[in-house]
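Notes for the structure review
As a plain string of letters, each chain reads:
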Amino acid sequence: MSKGLLHHVEIYVSDLKRTINFWGWFLEELGYSSFQEWESGRSWKLDDTYLVFVQTEERFLDVPYHRSRVGLNHLAFHADSRQHVDDITEKLKSKGISILYTIKHPFAGGNDYYAVYFEDPDRIKVELVAP
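Model, not experiment: these values are computed from the prediction.

1. Description of the nonpolar core
As a rule of thumb, nonpolar side chains are buried together in soluble globular proteins. Membership of the largest hydrophobic core comes to 28 residues, with the highest contact counts inside it found for Trp23, Phe26, Leu27, Phe53, Phe77 and Leu128. Here this core gets six residues from one element, more than from any other, and that element is helix 1 (residues 16-29). In this structure leucine 128 touches Phe26, Leu30, Phe77, His78, Ala79, His84, Val85, Ile88, Tyr114, Ala115 and Val116, once residues within four positions along its chain are discounted.

2. A word on the sheet that holds strand 6 (residues 115-119)
Taken in spatial order, the three strands make up an open sheet running 5-7-6, and their pairing is mixed. Both outer strands of the open sheet, strand 5 (74-78) and strand 6, are each paired with one neighbouring strand and no more. Recorded for the sheet is a direction-independent mean angle of 20° between the axes of neighbouring strands. Note that strand 6 and strand 7 (residues 125-129) share five bridges and pair antiparallel. Paired with glutamate 119 across the bridge in strand 7 is lysine 125. This element, helix 1, spans strand 5, strand 6 and strand 7 of the sheet and lies at about 25° to strand 5. Across the face of the sheet, helix 2 (residues 82-94) comes into contact with strand 6 and strand 7 while running at roughly 30° to strand 6.

3. Some thoughts on helix 1
With 14 residues, helix 1 ought to run about 20 Å at 1.5 Å a step, and its terminal C-alpha atoms sit 20 Å apart, in line with that. Tryptophan 23 marks the point of greatest bend in helix 1, at about 30°. Buried within helix 1 are the following residues: Leu16, Thr19, Phe22, Trp23, Gly24, Trp25, Phe26 and Leu27. Where helix 1 begins, the capping side chain belongs to aspartate 15, and its oxygen is found 3.2 Å from the backbone nitrogen of lysine 17. Phi for glycine 31, located one or two positions after helix 1, is positive at around 100°.

4. Brief notes about the environment of threonine 49
Its place among the elements puts threonine 49 in strand 4 (residues 49-55). Under the relative-accessibility criterion, threonine 49 is labelled partly exposed at 23%. Ignoring any residue separated from it by four or fewer positions in sequence, one finds threonine 49 in contact with Leu6, His7, Tyr32 and Trp44. At 2.8 Å, the side chain of threonine 49 forms a polar contact with the backbone oxygen of leucine 6.

5. Description of the environment of histidine 7
Relative to the assigned elements, histidine 7 resides in the segment before strand 1 (8-13). Under the relative-accessibility criterion, histidine 7 is labelled partly exposed at 49%. Taking the C-alpha atoms as reference points, histidine 7 and glutamate 28, 21 residues apart in sequence, are found 18 Å from one another. Contacts of histidine 7, omitting those with residues within four sequence positions, involve Asp48, Thr49 and Tyr50. Only 2.9 Å separates the side chain of histidine 7 from the side chain of histidine 8, close enough to count as a polar contact.

What counts and what doesn't
Residues numbered from 1 in each chain as written. Predicted model: local features only at pLDDT ≥ 70, side-chain atom pairs only at ≥ 80, totals over all residues. Heavy atoms only, no water. Core = buried A, V, L, I, M, F, W, Y, C linked by side-chain atoms within 4.5 Å. Buried < 20%, exposed > 50% of the residue type's maximum accessible area, 1.4 Å probe, protein only. Helix = DSSP H or I, 4+ residues; strand = E, 2+ residues; numbered from the N terminus. Contact = heavy atoms within 4.5 Å. Pairing = 2+ DSSP bridges. Axes fitted to C-alpha atoms, helices over the stretch in contact; angles between N-to-C directions. Expected span 1.5 Å × (residues − 1). Bend = angle between axes of the 7 residues up to and from the residue. Polar contact = N/O pair within 3.5 Å; in protein donor to acceptor, adjacent residues only side chain to side chain.

Purely geometric stuff here, so don't read any function into it on its own.
Dropping the structure here:
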């Protein structure tokens, strides 16, 4: 039974092509598969849940996203292991994606919380957490 589980999350983005390049490899590393594709959007699915990214209309791009405003703060995903977090961290670095909280990495969430934090092209914070 899937009652209560997330069905999908839809996020409007400033540059769909840049977003697809960023999210595609990461979601596929986590086991998501490409699900839907149309001119102004793209989605990836894992089991019964999918993430959708849609190009924001030009008329709404005047106010950029900021995670401290009302709305989404960040997305957090489960990793398989600490090694998985380390592997993704290295891939992020090789792609030129900055790691957040580097001084405390990988324990920025606390001594018993092993994770990597980074931002997508619109500066939405993303977190990958080891079990």
